[in-house]
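Commentary on secondary and tertiary structure
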Amino acid sequence: MKLVWHKPFEGVERVRALAWTCDCRAVVYELLQAGGQAFIRKTTQTEPTPKVKETHRWPIEEARRVWHALLLGEMR
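Attention in this report is confined to the structure presented alongside it. Here the structure is a predicted model, which means the values were calculated and not measured.

Helix and strand counts for the chain come out as one helix and five strands. Going from the N terminus to the C terminus, the chain shows its helices and strands as β-β-β-β-β-α. Against the globule reference of 11 Å for 76 residues, the chain gives a C-alpha radius of gyration of 12 Å, in line with a compact fold. Considered along the principal axes of its C-alpha atoms, the chain spans approximately 35 × 30 × 20 Å. Taking all 76 residues of the chain together, the buried fraction comes to 30%. Per element, the accessible surface of the chain, about 5500 Å² overall, is 53% carbon and sulfur.

In structure tokens, the structure reads:
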């Protein structure tokens, strides 16, 4: 399956990192929680500025399932 990536949310909100991949890679993924929902942020480390995209928000348990599928290569 393919995830839909959007521009990052521009609002002021508290975001908590639940899990992440190593920042030694060209593409870094983070599972983030905000306001009782969770989403995945993808950062492509490019020069001069990294490119950041996010998925839409899901209930936390659903986001965890998507996160695991992403790590297993079942989604991208």
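To continue, consider the pattern of salt bridges. All chains considered together, the criterion is met by three salt bridges. Glu54 is the salt-bridge partner of Arg41, the closest N and O atoms lying 2.8 Å from each other. Of the two residues, Arg41 sits in strand β3 (residues 37-44) while Glu54 sits in strand β4 (residues 51-54), which places them 13 residues apart along the sequence. Residue Arg41 is classed as partly exposed on the basis of its relative accessible area of 23%. We classify Glu54 as buried; its relative accessible area is 2%. We note a salt bridge from Glu54 to Arg57, for which the minimum N-O separation is 3.3 Å.

On to the environment of Pro50. Along the chain, the position of Pro50 falls in the loop between β3 and β4. Apart from residues no more than four positions distant in its own chain, Pro50 is found in contact with Thr43, Thr44 and Gln45.

It is worth spelling out the packing of aromatic side chains at this point. All chains considered together, the criterion is met by one aromatic pair. With 6.2 Å between their ring centres and 40° between their planes, Trp5 and Tyr29 make a pair best called tilted. Linking Trp5 in the segment before β1 (16-20) with Tyr29 in strand β2 (residues 27-34), this pair joins segments that are 24 residues apart in sequence. Side by side, Trp5 and Tyr29 carry an identical accessibility label, which is buried. One residue, Arg57, lies across the ring of Phe39, its end atom 3.7 Å from the ring centre.

The rules behind each value
As a convention, each chain's residues are numbered from 1 in the sequence order in which they are written. Per-residue local features of the predicted model are confined to residues with pLDDT of at least 70, and side-chain atom pairs are confined, for both listing and counting, to 80 or more; whole-chain, interface and lining totals are unaffected and use all residues. In computing side-chain values, all of the structure's heavy atoms are included and hydrogens and water are not. Each helix is a run of DSSP H or I of at least 4 residues and each strand a run of E of at least 2, with the numbering of both proceeding from the N terminus. Note that the radius of gyration is over C-alpha atoms, with the globule rule given as 2.2 Å times the number of residues to the power 0.38. Burial classes follow relative accessibility: with a 1.4 Å probe on protein chains only, a residue under 20% of its type's maximum area counts as buried, one over 50% as exposed, and anything between as partly exposed. Computed with the Shrake-Rupley method and a 1.4 Å probe, the accessible areas treat only the protein chains shown as cover for residues. Salt bridges are identified by distance alone: a Lys or Arg side-chain nitrogen within 4 Å of an Asp or Glu carboxyl oxygen. Contacts between residues were defined by any pair of non-hydrogen atoms, one from each residue, lying within 4.5 Å. Under the pairing criterion, centres of Phe, Tyr and Trp rings, with the six-membered ring standing for Trp, must be within 6.5 Å; the plane angle then separates stacked pairs below 30 degrees from edge-to-face pairs above 60, leaving the rest tilted. A ring is scored as having a charge over it whenever the NZ atom of a lysine or the CZ atom of an arginine sits within 6 Å of its centre and within 35 degrees of its normal.

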